[in-house]
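# Topology and contacts: notes
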Amino acid sequence: MLRLAIQKSGRLSEDSLKLIRECGISFITSSLKLKTESTNFPLEILYLRDDDIPGYVADGVADIGIVGENVLVEEGMQALAVEQLGFSKCRLSLAVPKSDEYQDITDLQGKNIATSYPNLLQAYLNERGVQAHIHTISGSVEIAPSIGLADAICDIVSSGSTLISNGLKEVERVFQSQAVLIANGGLNAEKQAILDKLLFRIHAVQRAQKAKYILLNAPTDKVDIITDLLPGIKSPTILPLAEEGWSSLHSVVNEDDFWEIIEKLKEAGAQGILVVPIEKMIV
Ligand code: PRT
Ligand code: ZN
């Protein structure tokens, strides 16, 4: 059985559980439990604080885990990373009081900066030859300037509203982060095989998230033009409609590409365009 560590309760928890469920792995959750076993896949789930996950995976207490890249790199454990998972996207940024005149990073020379990410911040400052006093605090970083604890902060930003409501402005992006799957480097063959099986399913889920199934009707004499317009398609399915001279085209497109060509498809005579989600996609 493979042991997966995920965050017990926080910003990573819900999407981590959702990904596992989308992989067809069933389990019963309870807020009181610290671990659960899947009922249909050789996986055990441990619920931990996110900061502890890289260490547990490195020590082999858990075999794999899901954690933010910010935590992984801060703890110097990036070697454990297997795959970016595309959720919990955020950035680690430097921010200063809104009224400060800020030109560039050299303005922070000799200043006090509060953060929970001293290593990532130090590396960023070192690369730019800036020396500052880093105050490591574990929470409520954004209030540090208003209580006189620091001149600037370095904290996680997602929408930016926390900075705004604390009278701060974002001035430098230090690190881009998202959830990442990590694994112990010394898995035995049996566990590696389970991980490979899990990765196969994760890839199918990820592919499906980007792809959409498209169905449209078109005059049969326009099918060639429309096929050429559809991006990245070798060979769509073409079926005759009951109405003489009309055909139905079915294919898979990337949703972003689809919005680019929608007008052209209509101009070329496409009608009744349906774009539907795909649950899993195996190639
Ligand atoms: O209890 P435990 O230690 O497990 O959880 P935690 O409180 O340390 O972590 P948690 O749940 O807050 O975050 C887990 C991970 O989610 C982080 O390590 C990031 O990888 C990721 N993540 C994504 C975020 C955010 N978005 C985020 N917005 N982590 C924190 N924030 C906070 C940020 O610290 C700030 O206070 O949200 C505020 C900013 O949000 P905006 O939207 O106002 O900009
Ligand atoms: Zn934490």
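Quick look at the structure, then. Nothing here was measured: the structure is a model prediction, and the numbers come from that model.

Turning our attention to helix 6 (residues 189-210). Compared with the 32 Å implied by 1.5 Å per residue over 22 residues, the 32 Å span of helix 6 between its first and last C-alpha is a close match. Turning to helix 6, the residues buried within the fold contact strand 1 (2-7), helix 1 (13-22), strand 4 (64-68), strand 5 (81-84), strand 11 (179-183) and strand 12 (211-219). Two to three positions downstream of the cap, the backbone nitrogen of Glu 190 sits 3.2 Å from a side-chain oxygen, assigning the N-cap of helix 6 to Asn 188.

Looking now at the pattern of salt bridges. Pairing is possible between side chains that carry opposite charge, provided their charged atoms lie close to one another. Counted by the stated rule, this structure contains 9 salt bridges. Residue Arg 49 is joined to Asp 51 by a salt bridge in which the shortest nitrogen-to-oxygen separation is 3.4 Å. Looking at Asp 51, the relative accessible area reads 33%, which means it is partly exposed. If you follow the salt bridges from partner to partner, you end up with Arg 3, Lys 35 and Glu 44 in one network.

Turning our eyes to something else, we now look at the coordination of the zinc ion (ligand 2). The protein atoms donating to the zinc ion (ligand 2) are Asp 50 (OD) and Asp 51 (OD), with metal-donor distances spanning 1.9 to 2.1 Å. Around the zinc ion (ligand 2), the 4 donor atoms are arranged such that angles at the metal cover 72 to 175 degrees; this shape is classified as irregular.

Procedures and definitions
Residues numbered from 1 in each chain as written. Chains lettered and ligands numbered in written order. Predicted model: local features only at pLDDT ≥ 70, side-chain atom pairs only at ≥ 80, totals over all residues. Heavy atoms only, no water. Helix = DSSP H or I, 4+ residues; strand = E, 2+ residues; numbered from the N terminus. Expected span 1.5 Å × (residues − 1). Contact = heavy atoms within 4.5 Å. Polar contact = N/O pair within 3.5 Å; in protein donor to acceptor, adjacent residues only side chain to side chain. Salt bridge = Lys/Arg side-chain N within 4 Å of Asp/Glu carboxyl O. Buried < 20%, exposed > 50% of the residue type's maximum accessible area, 1.4 Å probe, protein only. Donors = N, O, S within 2.8 Å, 3.2 Å for Na, K, Ca; no water. Tetrahedral: all angles 85-135°; square planar, octahedral: opposite > 155°, others 65-115°.

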